[in-house]
Structures are given as C-alpha cells and as structure tokens.
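Examining the three-dimensional arrangement
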Amino acid sequence: MSIDHPAIEAARERIRAEYLRDHRPPSSVRGLHHVALLCSDVETTIAFYQDLLEFPLTEIVENRDYRGSNHFFFDVGNGNLLAFFDFPGLDVGPYREVLGGLHHIALSVDPATWERLRGKLEAAGVPHQIESGASIYFRDPDGTRLELLADPLGEMYGSHVL
C-alpha cells in the first residue's frame, strides 16, 4: 500500500487553515469527568493503577446498567477520573484496537514522577517503550495502551496544543 505523504500534508494544512480559529471560543464543557474502560479483574486493575502507577482509588460502586458489575474510579489529577467496569459472566474478550476504539490514554506527569514511575514499571517487569525522552508507552493488565508524558498539560514535545 502506497501512502501519498505530500497529499496528506496538504490536506492537514487545508484543515488547519479552515478549522483552527484565531480566537478560540470557550468549550461548552467544564472538563473530562471520566474515561470508562473495561477490565477483567477488579483487584488486578486496582493493584496496577493504585499501587504501581500511584492513581488513588476514589470509589467503587455497583454498575447501574449491569447488576453485579463494578464501576470504580481512580484520581488522575486535575479533577479527572479514570473509571473501569468489570462484567462478570459476560465474555467481552481480550482488548483490541479497532477503528472507532481507543488507541491510548496519555497522562501528564512531572519529570521526577516520570522517572520514578519508569523505575517502578521496570522493577515490575512491565514491557514499555520510551519515545522522545518524554513518553513512556506500556499496556495495563488487560492490554489498554497508556502513555506517561513528562510534558505539562496543554503541551506536547515543546508545542502548545491547548
């Protein structure tokens, strides 16, 4: 399959010119309340996110849409939550990246925390990949891809994206 990179770059510039505004109006939302993911085992997920990654568990309740299922939340800073559901008795299969599905979740951490968590991932034997000296990519126990980014919120590799 041949990719026409000049055509893609031209389309990107056209889209940028057409849709990026000099004066950006405020968003209609207050912020991201939570991202909800699926997990196969509640305690394994809590151990990974709370103990390894240091995201405090804030609550666990029954999922209102599926009796016996748990809905639980982790604090990922700045008033944002990462949530999970388990679905006991429902074979949801393994994680898959599909069109329209999740590619990865990028989480901003300060450089000292980035180094500490990199060390914890290595000590725990979690396979990971470091990119540009600021991103660590790895997967959670169910295969969800995560990125720890040592850039401030609203910045990416030295560029302001917000």
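Computed from a prediction, not measured in an experiment: that's the story for all the values here.

1. Digging into helix 3 (residues 111–123)
Each full turn of the α-helix corresponds to 3.6 residues, which orients residues three or four apart in the same direction. The terminal C-alpha atoms of helix 3, which comprises 13 residues, lie 18 Å apart, in line with the 18 Å expected from a rise of 1.5 Å per residue. When we look at burial in helix 3, the residues that qualify are Thr113, Trp114, Leu117 and Leu121. The arc that holds every buried residue of helix 3, seen down its axis, measures 100°, which confines them to one face. Turned more than 90 degrees from where helix 3 packs its buried face, Pro111, Ala112 and Ala123 sit exposed. Capping the start of helix 3 is the job of one residue whose side-chain oxygen sits 3.0 Å from the backbone nitrogen of alanine 112: aspartate 110. Glycine 125 lies just past helix 3 and shows a positive phi near 75°.

2. Some points on the environment of serine 135
Examined against the element boundaries, serine 135 turns out to sit in strand 7 (residues 135–139). With 27 residues separating them in the primary sequence, serine 135 and serine 108 have C-alpha atoms 9.4 Å apart. Apart from the residues lying within four places of it in its own chain, the contact partners of serine 135 are Trp114, Gln129, Ile130, Glu147, Leu148, Leu149 and Tyr157. In terms of polar contacts, serine 135 uses its side chain to reach the side chain of glutamate 147, at 2.5 Å. Side-chain polar atoms of serine 135 contact the side chain of tyrosine 157, separated by 2.6 Å.

3. Observations concerning the pairing of strand 4 (residues 81–85)
Buried residues dominate strand 4, accounting for 4 of its 5 residues. With 5 bridges joining them, strand 1 (residues 34–38) and strand 4 adopt parallel strand pairing. Among the inter-strand pairings, leucine 37 is bridged to a residue of strand 4, identified as phenylalanine 84. Where strand 3 (residues 70–75) meets strand 4, 5 bridges bridge the pair, whose relative direction is antiparallel.

Thresholds applied
Residues numbered from 1 in each chain as written. Predicted model: local features only at pLDDT ≥ 70, side-chain atom pairs only at ≥ 80, totals over all residues. Heavy atoms only, no water. Helix = DSSP H or I, 4+ residues; strand = E, 2+ residues; numbered from the N terminus. Expected span 1.5 Å × (residues − 1). Buried < 20%, exposed > 50% of the residue type's maximum accessible area, 1.4 Å probe, protein only. Arc of directions from axis to C-beta. Polar contact = N/O pair within 3.5 Å; in protein donor to acceptor, adjacent residues only side chain to side chain. Contact = heavy atoms within 4.5 Å. Pairing = 2+ DSSP bridges.

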